[in-house]
Amino acid sequence: LSVQIQLSEIQLVARLTSSENGRVCTSEGAVVIPGKEGERSKTWSFHSSRKAFVMGDFTRTSPTKGDDDEDGDKPWVSPNDDEEGPFFVVDKTNLAVDPGTSTEVKLSICPLVTGDLEIVGVRCKLFNELWVYHPFHVVGPLLQNTRMNRANRARGESYLLKSKIEHDMPSLTVDIVPHGGKGDATVLQGQISSWTLRISNLGTAPASNVTLKTNAPWMNIAQTNRKETRATSHCIGPSGTLMRLPLEKKTAEDGIDNDDYVKSDVISPGQTVEVPVHVRTSGGGRQELYMLFRYELSNGDVVSTALNSSSPSSSKQKWLRKMISVPVYPSLTLSAVLMPSYWKKREHILSIEMTNYRSDRQTSLEINLDKICIASRYYRVQQLPDQLGESDLYPSNAQQQQLYGMPASLLQIGWQERVTMHYLIIPFEDEEEAKYTLSQCHLVGENSNSSGTSLFNESEITDFVCLEHAHERFKTALDAHEKEMARRAAEQEESNQPRHVAQIRREKSSMESEKSGSSHSNNGQTTPGNDTGSQSSSGNGDLVGKSELSYHPTSIMNLCPPEESSSKINVICTWTALSSGNAEDEVIYGQHHLRQLAVRPQAKSKGCPLTITANHRSEIEHDFTGGPMKMDIEVTVRNRLVESPVEFEFALERQADFELIGAERFRWTLDGGDEIVVPLQAIMSSSGIYNLQSLRLTVFVDNLQVPYLFPFQWIVKVNPNATI
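Residues numbered from 1 in each chain as written. Predicted model: local features only at pLDDT ≥ 70, side-chain atom pairs only at ≥ 80, totals over all residues. Heavy atoms only, no water.

Enquirer: Which residues make up the packing of aromatic side chains, and what values do they have?
Expert: Going through the model one piece at a time under the given rule, you end up with five aromatic pairs. On the basis of an interplanar angle of 20° and a centroid distance of 4.8 Å, the ring pair of Phe 650 and Phe 666 is categorised as stacked. Of this pair, Phe 650 sits in strand 39 (residues 646–652) while Phe 666 sits in strand 41 (residues 665–670), placing them 16 residues apart in sequence. Judged by centre distance (6.1 Å) and plane angle (80°), the rings of Phe 658 and Tyr 690 are edge-to-face. Of this pair, Phe 658 sits in strand 40 (residues 658–662) while Tyr 690 is found in strand 43 (residues 688–691), placing the two residues 32 residues apart along the sequence. Lying over the aromatic face of Trp 76, Arg 60 brings its terminal NZ or CZ to 5.7 Å of the ring centre. Just above the ring of Trp 319 sits the side chain of Arg 294; from NZ or CZ to the centre is 5.9 Å. (Phe/Tyr/Trp six-rings, centres within 6.5 Å; stacked < 30°, edge-to-face > 60°. Helix = DSSP H or I, 4+ residues; strand = E, 2+ residues; numbered from the N terminus. Lys NZ or Arg CZ within 6 Å of the ring centre and 35° of its normal.)

And the structure:
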């Protein structure tokens, strides 16, 4: 129409059949049954909504059937005159629709009794004079169960506007409150923020068993004195993103507020609980954090356990979804290179490179590096001394901080500055018990090397590493499962059809590659498909007497397993910086980590699987008038691989200025972790400085010969005019 339409008293029309006595309460049809005038203006209010609800117009209730009611001709009554009152209430709204426009209206209905509820239409007043009713016609789904239904395009019943009201239910709302009540305008990669999940029950029944599912392992619920085998962040299952929320609520006695918190799994109607969490952001750009809350109806003292039950339909569940958009800016990049040490055969050199790439503000882009932590069960770390000293010709901001009186506990790197630190990875002695250790090395300061197993007051530093490790293993297992299901589905589809020769060849090659890959991946490692969080440890000298050891996939023991063959190190770098989201700069905290760095490869190595060391004198004096000098040297060849044998050829290349006497060429096979010592004798005819490294190793891999030449030197200085 070309005129504005005034719509008033817009309300839903419904029908509800009581499950207790079978009576029907409906607002269909324009049938007016007079009742008490005072009851018509009565309003209802509920915790879950700020709207005011009233009884719908033309609402009436069917009569109660008694034992002496044979004909059943009792008249319908008004809910105002009935003891039970209306079975449902609705809200009303007014609306003005301009010419040629359309708009949406949100209407609400609240049932007051148990039974079957069906919303049948909508009713309103036109120009406040004429009642207008519009019934809903919802098309049901197409039926595909029989050939006749498919041919006639028959449709089933639609349950879109039908509900079954059984009993009171809780209704939870969740508010995300950042630390201090203000959200950060900018969030850096690896930044750890403190949030509070404020959960309120606005329903009419208590809620229990509140769980949270996220799309990324960003969220951690701090725990104190957690055992190595226990789950991190109250996690459930192997994904690292499903956790049970520990509920704490304040108690009030005799009308006086008590500040003591009581742990409980139930949120009563009208109560509010707060759950403190830590959030570590990752990725780059605008990231979406999806949170899905699930809670159940609490039946008195019995808490439902539908997550672990075989029949989850027995519990009454509800869901709540929250979505947060977080802009993440770059902060720090962390990379590491691990190489064997040629000074001691079991030690390794770890080089960590840290670069500042902040771009969230114009000034004060420095990042203060706190310490480097290594989480492992069989290795500890020691920082190499004198890496930041006065000998550097051009001191950086980090060195100036140490040399010119700035705090010595933090290492500051400026914008686009790069710092490389070197550490010594030392294995524990064989007689020591395999115990989880968190080695902490402060980047600057006198006490730069320390190790221990103590936990932080609020949260362990390894919590986020455990969550990301479990989440990555879960995704790997899920991808492998999906590929396997897709392969089986393709095989079933092609089972009744002839296959091409190329398909048979591709299938044969893929099966051979899968067999070879599984033979390498199953050597001492847990396959992703079997990552259920329960692993057995047998045959390990450190775990004698323990036939089976079960632990959670998000636990510290899963991050650092007790099997020596699968022991790896996890590098964690903690840092601080200044935020730029508020009027005053605040200190923010963060951490970066590198997970599962293999100190010794399992079955394959990108470089040479063998390491060589030499034991000889570095300086010697000799009187050459009595003849040439002879010096003993011991060459140790060690297999770096933990479980795979290596076949190689040992060969000495001839040199013009000295001669090596001994086993010049032989072929040998070393099992995983074994070594062989080759005694040699060097003969020099004159004084000077000699490089005794003239060894060439040839490794035999799959009928191929791979030669390796080592770039390091074995230097010995020979001084004349003296007698040994």
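Enquirer: Report on the layout of surface pockets, specifying residues and quantitative values.
Expert: Considering only enclosed or pocket space, the second largest pocket measures out at about 870 Å³ in volume. Secondary-structure elements contributing two or more residues to the lining of the second largest pocket are strand 4 (49–54), strand 8 (109–111), strand 9 (115–126) and strand 11 (162–165). The class makeup of the residues in the lining of the second largest pocket is 13 nonpolar, ten polar and four charged. (1 Å grid on protein atoms, 1.4 Å probe; cavity = no way out; pocket = protein on both sides within 12 Å on 5 of 7 lines; lining within 4 Å. Points joined across faces, edges and corners; volume = space filled by probe spheres on them. Nonpolar A, V, L, I, M, F, W, Y, C, P; charged D, E, K, R; others polar.)

Enquirer: Mind laying out the nonpolar core, listing which residues take part and the relevant values?
Expert: Counting residues in hydrophobic clusters, the biggest one holds 33 residues, and the most contacted among them are Leu 610, Val 637, Phe 648, Phe 650, Met 684, Leu 692 and Leu 697. Apart from residues no more than four positions distant in its own chain, Leu 692 is found in contact with His 616, Met 631, Ile 633, Phe 658, Leu 660, Ala 682, Met 684, Trp 714 and Val 716. (Core = buried A, V, L, I, M, F, W, Y, C linked by side-chain atoms within 4.5 Å. Buried < 20%, exposed > 50% of the residue type's maximum accessible area, 1.4 Å probe, protein only. Contact = heavy atoms within 4.5 Å.)

Enquirer: Lay out the pairing of strand 45 (residues 704–709) with the relevant residues and their values.
Expert: Here is the key point about a regular strand: its side chains alternate between the two faces of the sheet. Judged by how many residues are buried, strand 45 sits mostly at the surface: zero of six residues are covered. Direction of pairing for strand 44 (residues 695–701) relative to strand 45: antiparallel, over a ladder of six bridges. From the neighbouring strand, Thr 698 faces strand 45, where its bridge partner is Pro 707. Here strand 44 folds back onto strand 45 in antiparallel fashion, the turn holding two residues, of which Asp 702 has a positive phi close to 50°. (Pairing = 2+ DSSP bridges.)

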